[in-house]
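Working through the structure, step by step
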Amino acid sequence: MQTTTYNLEKFSRRLSKYIDENRFVHTQGVRYISAALAMAHGIDIHLAETAGLLHDCAKCIPDAKKIKICEKNGLPVTDIERNNPFLLHAKVGAVIAKEKYGVEDPQILNAITYHTTGRAGMTPLEQIVFIADYIEPLRNKSKQLPEIRRMAFRDLNECCYLILMDMLLFLNSRSGQIDGHTQEAFDFYEEVHQETRD
């Protein structure tokens, strides 16, 4: 199937007007790592770059407006999301990517939607953006990053398992609320991990 080619430099210039400088630098890192992972795993590089570039396009939208955009577009808002509105930037980002950047490809929109929480049975493109967001060069908070970064270029499923385990350990240590997609994703990839070890 022929995929649409997007003008990513035009997207990048537009994006720089709507997110702060630190977020823009992070976004360029995710774009770069998404492309590199796509090369390593035989995934369409342009799709990965596009999703990586736009993954945080809604990050700097005020929380109240994020909720309004969800309501306007019939997107469900869970209690966890209402209490932690920053989580909404992913699903709102898919709306913005479609409405403001003209991205129609559901593969890209899903990769944007699930880049923060993950989900069970992610497609390779979804995995790539989820992973790239976690390992881009400026990330430095997780002690597991060296191992996770190495695994990213070897096994997407195993890398997702390591990231999700890291996320849950962090959230549990802070008594943070865990999004249902994240728990389901961890359960799924833990099972894949066990199956590959048996």
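This text follows the structure it describes.
For the structure given in this document, a descriptive report is provided here. (Residues numbered from 1 in each chain as written. Predicted model: local features only at pLDDT ≥ 70, side-chain atom pairs only at ≥ 80, totals over all residues. Heavy atoms only, no water.)

Okay, a negative patch on the surface next. Residues E184, D187, E191 and E195 make up a contiguous surface patch of negative charge. Along the chain, D187 turns up in helix α11 (residues 180-197). According to the relative accessible area criterion, D187 is partly exposed, its value standing at 38%. (Patch = residues over 30% accessible without salt bridge, like charges linked within 9 Å, V, L, I, M, F, W, Y side chains within 5 Å. Areas by Shrake-Rupley, 256 points an atom, 1.4 Å probe, with all protein chains shown as cover. Salt bridge = Lys/Arg side-chain N within 4 Å of Asp/Glu carboxyl O. Lys, Arg positive; Asp, Glu negative; His and termini not counted. Charge placed at Lys NZ, Arg CZ, Asp CG, Glu CD. Helix = DSSP H or I, 4+ residues; strand = E, 2+ residues; numbered from the N terminus. Buried < 20%, exposed > 50% of the residue type's maximum accessible area, 1.4 Å probe, protein only.)

There is a patch of like positive charges on the surface, built from K10, R13, R14, K17, K65, K72 and K100. At the level of secondary structure, the elements contributing two or more residues to the positive patch comprise α1 (8-15) and α4 (63-72). The biggest single contributor to the positive patch is α1, with three residues. Mapped onto the elements, R14 comes out in helix α1.

Judged by nonpolar contacts, the single largest core of 58 residues is most densely connected at V103 and I131. Top element by residues in this core is helix α10 (residues 156-173). It accounts for nine residues. Not counting residues up to four positions away in its chain, the partners in contact with V103 are Y6, F11, T50, L54, A97, K98, I108 and L109. (Core = buried A, V, L, I, M, F, W, Y, C linked by side-chain atoms within 4.5 Å. Contact = heavy atoms within 4.5 Å.)

To continue, consider the layout of surface pockets. Computed from the structure, the largest pocket encloses a volume of approximately 1100 Å³. Forming the walls of the largest pocket are 29 residues, and the residues nearest its centre are Y134, R139, K141, M167 and F170. Of all elements in the fold, only α2 (21-41), α8 (124-135) and α10 reach the threshold of two or more residues within the lining of the largest pocket. Here the lining of the largest pocket takes four residues from α10, the largest share from any one element. Of the residues assigned to the lining of the largest pocket, the class counts are nine nonpolar, eleven polar and nine charged. One number sums up the size of the second largest pocket: a volume of about 330 Å³. Lining the second largest pocket are 14 residues, with I61, K65, I69, I96 and K100 sitting closest to its centre. Where the lining of the second largest pocket is concerned, the elements lending two or more residues are α4 and α6 (89-101). In terms of residues, the lining of the second largest pocket owes the most to one element, α6, which gives four residues. Here the residues of the lining of the second largest pocket are counted per class, giving eight nonpolar, one polar and five charged. (1 Å grid on protein atoms, 1.4 Å probe; cavity = no way out; pocket = protein on both sides within 12 Å on 5 of 7 lines; lining within 4 Å. Points joined across faces, edges and corners; volume = space filled by probe spheres on them. Nonpolar A, V, L, I, M, F, W, Y, C, P; charged D, E, K, R; others polar.)

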